[in-house]
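This is what each chain is made of:
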Amino acid sequence: MNVFNPKLYFLYLSKLYIKNLLAILFGLSFAFAAIDYFQYAQKLSVSGNYKILYIFYMWEQALGLLYPLAIVFALIMTKLTLIRNGTMGALHAFGYDKKTLVWSFHFVALVVYTIFTYLHTTEFSYARDKGAILLKNEINTYNVNNLFFKYNDTFVYINSLDPMAKKISDITIFKVKEHQVQYTIHAPFAIFDGAQWHAQDAVVKTHVYIKNKLVKYTIEHKKNIKTLVGYKPKIIESLYEGKTLNLIDAYHTWRLLSEQDLNSDKIRAAFYEKAIIPLFSIGLLVILFFKLPFHARMMSVGAIVALSLGTTFMIWGILFGLNQIGTNGVLLPEMTSILPILLLCLYALYVYFTNEKSLH
């Protein structure tokens, strides 16, 4: 099949599936945003326009969270519609088999997954944090205070970080070797240039030891010292304040932590949550398309819908729980995120290649 010149059956099925997918996705996401708003309405001590903005942020969060469910629910709704009006039987009568028909849904689902994966590389991923700022009435408060972390073979203390201005106030860097402080660097402020931080007007104190005893230290004044290479303000804020990261920042954070031999379980789990776990919807779509009955006389609509929705929620819940286990470091995130999705997709391929002869 040529994607740029699709056949009529492909256009028909894709159009029907897209219509159902959009209806379900927007319905679920608006309901999520509305429930969240009414739950926290009394805590939103901000003006009306900020309340609308809060609803918008919650809607964005809901879209990113619920689109895998919408992919599966839309498949169930579309196929049941095709069965009840006899269209599915007609398509089979014209010689279209299951493997041919499933690609209409599979293609649309992959496009939706690609769109949302791209959105998770943008500010779209930060909707929850932006909503939390409004909820806490911290619209003009951006500073993150009292941060302490390891950087290469040194330790860093930051008194105050302003992620919006990309400025650090009062930064101290010191190196410890064998329980002895080798040197300290203190600067009243540092500015981020997009790749690294520039500590301005820094004072460098180098400690001199004789027979493991501190006898003196030398002082140097540096106009500019480059440090914290790759540590974007958002990365620092996320690592030490538990804020969300988009896929690009999560990947860079993962690399930074790996280079410094620091634990990256939480970051890897967050990355997989956005990039890998939603793929369960693609595998489940194939499984349900082949497993749902193809003729109205072979099914009880209520039972089929209940079983399909229950299976979808169960798998989604299990994957969410496993991801939390990976986030907490109980198991490797690869075991709790990649492995279950791989197994599900392998089963989907098995169903795809072995279930063709069955008409029910």
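One structure accompanies this document, and this report is about it. Here the residue numbers are simple positions, counted from 1 along each chain's written sequence. Under the rules for a predicted model, residues below a pLDDT of 70 receive no local features and side-chain atom pairs below 80 are neither given nor counted, while totals for whole chains, interfaces and linings still include all residues. The side-chain numbers reported here are obtained from all heavy atoms of the structure, hydrogens and water having been left aside.

**A short note on the overall build of the protein**
- Helix and strand counts for the protein stand at eleven helices and six strands.
- The C-alpha atoms of the protein give a radius of gyration of 27 Å, which is well past the 21 Å a tight globule of 360 residues would have.
- Dimensions of the protein, computed from the C-alpha atoms along their principal axes, are close to 90 × 50 × 40 Å.
- Per-residue burial for the protein yields a buried fraction of 43% across its 360 residues.
- Contact criterion: two residues are considered in contact whenever any of their non-hydrogen atoms come within 4.5 Å of each other. Look at the contacts in the protein between residues 6 or more apart in sequence, and 62% of them connect residues 24 or more apart. Every helix listed is a DSSP run of H or I at least four residues long, and every strand listed is a run of E at least two residues long, numbered separately from the N terminus. With C-alpha atoms as the basis for the radius of gyration, the globule rule is written as 2.2 Å multiplied by the number of residues raised to the power 0.38. The rule is simple: take the accessible area with a 1.4 Å probe, protein chains only, and divide by the maximum for that residue type; under 20% is buried, over 50% is exposed, in between is partly exposed.

**Some points on unusual backbone geometry**
- The phi angle at Asp-201 is positive, at roughly 50°, despite the residue not being glycine.
- Take Asp-201: it is sitting in strand S5 (residues 197-210).
- In the Ramachandran plot, Leu-228 falls in the positive-phi region, its phi being about 50° despite a non-glycine side chain.
- Counting through the fold element by element, Leu-228 comes out in the loop between strand S6 (213-227) and helix H6 (233-241).

**Describing the packing of helix H2 (residues 48-84) against helix H9 (residues 280-291)**
- Every axis in this analysis is a line fitted to C-alpha atoms, fitted for helices over the stretch in contact. Angles between the N-to-C directions lie between 0 and 180 degrees. Closest axis-to-axis distance for the H2/H9 pair is 8 Å, and the angle between their directions is 15°. Classified by the angle their axes make, H2 and H9 are roughly parallel. Taken as a pair, H2 and H9 cross one another with a handedness that is right-handed. Seen from H2, the contacting residues are Pro-68, Leu-69, Ile-71, Val-72, Leu-75, Ile-76 and Lys-79; seen from H9, they are Phe-280, Ser-281, Leu-284, Leu-285, Leu-288, Phe-289 and Phe-290. Here the word oblique covers every angle except those under 35 degrees (roughly parallel), over 145 (roughly antiparallel) and from 65 to 115 (roughly perpendicular). Take the far helix as your reference; a near helix turned counterclockwise from it by less than a right angle gives a left-handed crossing, and one turned clockwise gives a right-handed crossing.

**Looking at the packing of aromatic side chains**
- Under the pairing criterion, centres of Phe, Tyr and Trp rings, with the six-membered ring standing for Trp, must be within 6.5 Å; the plane angle then separates stacked pairs below 30 degrees from edge-to-face pairs above 60, leaving the rest tilted. A full pass over the atoms with the stated rule returns 26 aromatic pairs.
- With a centroid separation of 5.9 Å and 5° between ring planes, the pair formed by Phe-148 and Phe-155 is classed as stacked.
- Exposure remark for Phe-148: the relative accessible area of 47% places this residue in the partly exposed category.
- For the ring pair Phe-271 and Tyr-272, a centre distance of 6.1 Å and an interplane angle of 75° mean the geometry is edge-to-face. Both residues of the pair, Phe-271 and Tyr-272, belong to the buried class.
- Through successive ring pairs, a cluster of aromatic residues spans Tyr-17, Trp-103, Phe-105, Phe-289, Phe-290, Tyr-352 and Phe-353.

**Here's the deal with the side chain of His-198**
- Looking at the secondary structure, you find His-198 in strand S5.
- Pairing of N or O atoms within 3.5 Å defines a polar contact, subject to two protein rules: one partner must be a possible hydrogen donor and the other a possible acceptor, and residues neighboring in sequence count only if both atoms are side-chain atoms. Among the polar contacts made by the side chain of His-198, one reaches the side chain of Asn-224 at a distance of 3.1 Å.

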